[in-house]
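Observations on the model geometry
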Amino acid sequence: MGKCDGRCTLLVICSLQLVAALQRQVFDFLGYQWAPILANFLHIMVVILGMFGTVQFRFRYLIFYAVWLVLWVGWNSFIICFYLEVGNLTQDRDFLMTFNTSLHRSWWMEHGPGCLVTPVLDSRMAPDDHHVITVSGCLLDYQYIEVLSSAIQILLALFGFVYACYVSKVFQDDEDSFDFIGGFDSYGYQPPQKSSHLQLQPLYT
């Protein structure tokens, strides 16, 4: 029952990770954030692999899933530092998120709760095929929405890492306790022994 509880809890965590990653992927697509899009895609694939390993008792898949979660925590920590402009990081370096293919920023910049977008007409700052806007009245700035999203990802990853290690250890212990080499000896089976004493019968002719 305990092992079932661990597996079921890990499946719930993986399901929450999958929903959160898909939701994030949608908004990153809308904002043309190509680096997060690639990272989210890899994360979705590994989470599905982790769910498969949990259902099919494949502890090696769970180990791979746990290792990826460490990298995922590092990536989301970088996202938090990027939007909070920690150290030398600054949001002016848009190429970090878009691979320098567009001038788009986070989708939440213009579509955050309560945000009022006002286009600036006849602005000389706008490149070709782009326009300058001003955003005001936001109840929560877009960078804090991105930070909150990354914080949720880190929290789920930490829970997933702990349960992945626990369930993989249970799977490995179960494999070690089942003796594939001993054969029937592990069940106390004794093959019939040949008698060394043979009775000789006289031969009459």
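For the structure, see preceding data.
Residues numbered from 1 in each chain as written. Predicted model: local features only at pLDDT ≥ 70, side-chain atom pairs only at ≥ 80, totals over all residues. Heavy atoms only, no water.

**Description of the overall build of the protein chain**
Here is the rule: Helix numbers and strand numbers start at the N terminus; a helix is a DSSP run of H or I with at least 4 residues, a strand a run of E with at least 2. Exposure categories follow from relative accessible area, calculated using a 1.4 Å probe and restricted to protein chains: below 20% of the type maximum is buried, above 50% is exposed, and the middle band is partly exposed. Only heavy atoms matter for contacts: two residues are in contact if any of them lie within 4.5 Å across the pair. Each accessible area is a Shrake-Rupley result for a 1.4 Å probe, and residues are judged covered by the shown protein chains and nothing else.
Counting its regular elements, the protein chain contains six helices and two strands. Secondary structure elements in the protein chain, listed N-terminal to C-terminal, are α-α-α-α-α-β-β-α. For the protein chain, the residues scored as buried account for 32% of the 205 residues in total. Long-range contacts, defined here as pairs at least 24 residues apart, represent 67% of the contacts in the protein chain between residues at least 6 apart. Element-wise, carbon and sulfur atoms account for 65% of the exposed surface of the protein chain, whose accessible area totals about 13,800 Å².

**Notes on the packing of helix α2 (residues 34–55) against helix α3 (residues 59–83)**
For clarity, the cut-off: The axes used here are C-alpha line fits, helices contributing only the stretch in contact, and every angle between their N-to-C directions lies in the interval 0 to 180 degrees. Throughout this description, any angle smaller than 35 degrees is read as roughly parallel, any larger than 145 degrees as roughly antiparallel, any in the 65 to 115 degree range as roughly perpendicular, and the remainder as oblique. Note on convention: the crossing is left-handed when the near helix lies turned anticlockwise from the far helix by less than a right angle, right-handed when the turn is clockwise. Each residue gets one label: Ala, Val, Leu, Ile, Met, Phe, Trp, Tyr, Cys and Pro are nonpolar, Asp, Glu, Lys and Arg are charged, and the others, such as Gly, are polar.
As a packed pair, α2 and α3 sit with axes 9 Å apart at the nearest point and diverge in direction by 155°. In terms of their interaxial angle, α2 and α3 are classed as roughly antiparallel. The two elements α2 and α3 meet at a crossing, and its hand is left-handed. Along the lines of polarity and charge, the residues of the contact of α2 with α3 split into 16 nonpolar, five polar and no charged.

**Overview of empty space enclosed by the protein**
The gaps left among the atoms become clear once a water-sized probe is rolled over them. Spelled out, the test is: Residues are called lining when one of their atoms sits within 4 Å of a cavity or pocket point, these points coming from a 1 Å grid over the protein atoms alone, where a cavity is a set in which a 1.4 Å probe fits but cannot get out and a pocket is an open set with protein on both sides within 12 Å along at least five of seven lines. Grid points are joined across faces, edges and corners, and a volume is the space filled by probe spheres set on the points.
Considering all chains together, one arrives at two cavities of 30 Å³ or more under this definition. Estimates place the volume of the second largest cavity at around 40 Å³. Only α1 (2–30) and α3 provide two or more residues apiece to the lining of the second largest cavity. Here the residues of the lining of the second largest cavity are counted per class, giving four nonpolar, no polar and three charged.

**Considering unusual backbone geometry**
Backbone geometry at Tyr32 places phi at a positive 55°, although glycine is not the residue there. For Tyr32, the location among the structural elements is in the loop between α1 and α2. Tyr32 sits in the partly exposed class, given a relative accessible area of 38%.

**Some thoughts on the nonpolar core**
Let me state the cut-off plainly: Residues belong to one nonpolar core when they are buried, are Ala, Val, Leu, Ile, Met, Phe, Trp, Tyr or Cys, and are joined through side-chain atoms within 4.5 Å.
In terms of nonpolar packing, the biggest core is built from 30 residues, with Leu10, Tyr65 and Tyr83 touching the most fellow members. Put simply, the parts of the chain that give this core at least two residues each are α1, α2, α3 and α6 (142–177). At 12 residues, α3 tops the list of elements feeding residues into this core.

**Section: the side chain of Arg24**
Defined as follows: His is not counted, nor are the chain ends; Lys and Arg add positive charge and Asp and Glu add negative charge. Here a salt bridge means any side-chain nitrogen of Lys or Arg lying within 4 Å of a carboxyl oxygen belonging to Asp or Glu.
One can find Arg24 in helix α1. Although Arg24 is buried, it makes no salt bridge; Asp28 carries the closest opposite charge, 4.3 Å away. Not counting chain neighbours up to four residues away, the residues in contact with Arg24 comprise Asn40, Trp72, Asn76, Ile79, Ser149, Ser150 and Gln153.

**Observations concerning the environment of Val55**
Checked against the element boundaries, Val55 lands in helix α2. When near neighbours in sequence (up to four residues on either side) are disregarded, Val55 contacts Arg7 and Leu11.

**Things to note about a nonpolar patch on the surface**
Filter applied, for reference: Patch membership needs two things, relative accessible area over 30% and no salt bridge, and members are linked within 9 Å if like-charged or within 5 Å if nonpolar (Val, Leu, Ile, Met, Phe, Trp, Tyr).
A contiguous nonpolar surface patch, about 450 Å² in accessible area, is contributed by Leu38, Phe41, Leu42, Met45 and Ile48. The topology assignment puts Met45 in helix α2.

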